[in-house]
Amino acid sequence: MTFGFYTLGCKVNQYETQAMEQLLREMGHEIRAFQEPCDGYIINTCSVTAVADRKNRTIIRRCRREHPQSIIGVCGCYSQHEAGALEPLGVDVVGGSSQRQEFLEQMILALEKKHPHPVLDNPMSRRSFEVLPAGGLEGRTRAMVKVQDGCVNFCTYCIIPYTRGPVRSAPLSLAVEQAKELESQGYRELVITGIEIASWGVDLPGKPPVTELIEGICRAVPEMRVRLGSLEPRIVTEDFCTRLSALPNLCPQFHLSLQSGCDTVLQRMHRKYDTARYLQSVNLLKAHFPGCAITTDLIVAFPGETAAEFAQSLAFIQECGFADMHIFPYSKRPGTPAAKLPGQVLNAVKEERAHRAAALAARMEGDYLASFAGETVPVLFEEERDGLWRGHTTRYCEVTVQSPQPLHNQLRQVRLTGRDGGALQGVLV
């Protein structure tokens with residue numbers, strides 16, 4: 001049988017899609033592009049915002065319209081939270097954010113004209129880590145290993161704790177085993193990912209810190225570049241930085257979720273740090289990893305955010321000097337406490353603040369990229385596009401070069417000569 005996948009949302013969803021593709025191949029089925037004719041289509045959904053929910057519904061409706069005879073299965077956070085909304089959209093098989101093997105078995109039953117049943121559970125009752133095969137991105141260049149699932153932070157704007165359940169961690173031995181297997185398959189870079197990887201280990205015997213996981217993986221695959229997923233700022237301590245700076249294959253790029261640069265807004269968001277603690281994390285990383293890339297997320301126009309509070313956020317992100325940012329206008333998410341907060345901001349104000357924040361982020365990104373002019377750096381090349389070979393530095397700066405020879409999956413030294421928009425330009429050494 002033939003299957004096509006469409007993935008929305010975070011790197012964890014990308015990982016889980018790749019795992020499902022691998023499981024289907026192991027069963028003898030074929031994976032095709034989502035645009036191609038297939039027997040079954042699987043849409044792996046996100047539900048982080050109301051905008052994401054609308055995107056999910058749009059993709060499902062389009063898939064049903066374009067493939068009226070095919071079987072459609074939907075899994076992920078949206079179907080976990082809004083399973084009742086799927087039948088009117090023509091969905092045949094409903095899965096959630098867990099039990100992927102059983103979900104695929106129900107897809108096959110549906111294709112065999114047998115009656116499938118929903119594969120849903122209560123996320124809050126989950127206690128064990130679901131083991132899935134590790135997978136790769138961009139052919140045999142970058143791969144991901146999922147080490148953790150679930151979140152118990154309960155930020156007021158976020159639905160994910162209700163769709164993913166409590167924290168479950170992969171044993172260190174499993175993470176190391178999967179990392180070694182990916183290395184043996186030819187991958188050159190590994191991304192450690194999870195819903196909230198800073199909480200890895202809190203459910204394991206002895207509650208080991210996430211630094212043990214990172215050290216274990218880096219030392220197990222010394223020839224691979226290892227990159228970290230999103231980090232909770234409070235785990236960045238002197239000990240954290242000292243131990244990680246001793247790992248030569250750890251990429252000096254750190255994504256620290258911020259969400260707001262104003263303490264009163266952070267309190268309404270129920271974030272567990274203030275700007276002083278966040279700035280401490282930034283300064284520690286910059287001290288231990290000179291020239292490191294620190295990236296973040298920012299939500300603008302959160303309920304009740306005043307012009308003065310927004311101005312504080314802009315001043316704070318400028319003080320941090322981020323290498324890159326993701327800017328999100330607040331999107332009311334039904335089912336979260338923030339949706340009921342007073343002071344919901346008008347859409348026009350959301351757009352104006354998002355534009356101003358994005359303009360500042362672009363200036364900081366330009367300053368960061370300009371700081372590498374004339375340097376020679378290692379670049380892992382991934383693909384050729386528009387006549388240029390493209391890859392990334394350890395700090396996840398995109399680099400383009402001209403080369404008559406293929407560079408896919410090669411780690412090459414590049415002298416940086418300038419930049420074009422958000423990418424650095426260079427020549428092979």
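Residues numbered from 1 in each chain as written. Predicted model: local features only at pLDDT ≥ 70, side-chain atom pairs only at ≥ 80, totals over all residues. Heavy atoms only, no water.

A.B. asks: Could you give me a rundown of the packing of aromatic side chains, with the residues and numbers involved?
C.D. replies: Summed over the entire model, instances satisfying the criterion amount to 10 aromatic pairs. With centroids separated by 6.4 Å and ring planes inclined at 85°, the aromatic side chains of Tyr 157 and Phe 302 adopt a geometry described as edge-to-face. A residue pair is termed long-range when its members are at least 10 positions apart, and Tyr 157 in the loop between β7 (142-149) and α5 (160-164) and Phe 302 in the loop between β12 (293-300) and α11 (307-320) qualify at 145 residues. The exposure class of Phe 302 is buried, given its relative accessible area of 0%. Plain terms: the ring middles of Tyr 278 and Phe 316 are 6.0 Å apart, the flat faces sit at 65° to each other, and that makes the pair edge-to-face. Within this pair, whereas Tyr 278 is found in helix α10 (residues 275-288), its partner Phe 316 is found in helix α11, the two being separated by 38 residues in sequence. An aromatic cluster is present here, built from Tyr 273, Tyr 278, Phe 316 and Phe 322 joined pairwise through their rings. (Phe/Tyr/Trp six-rings, centres within 6.5 Å; stacked < 30°, edge-to-face > 60°. Helix = DSSP H or I, 4+ residues; strand = E, 2+ residues; numbered from the N terminus. Buried < 20%, exposed > 50% of the residue type's maximum accessible area, 1.4 Å probe, protein only.)

A.B. asks: Just give me the short version of unusual backbone geometry, but keep the residues and values in it.
C.D. replies: The backbone phi angle of Gln 99 is positive, close to 55°, even though this residue is not glycine. Owing to a relative accessible area of 27%, Gln 99 belongs among the partly exposed residues under this scheme. One non-glycine residue, Asp 386, adopts positive backbone phi at about 55°. With respect to the secondary-structure elements, Asp 386 resides in the loop between β14 (376-385) and β15 (388-392). The exposure class assigned to Asp 386 is exposed, which follows from its relative accessible area of 69%.

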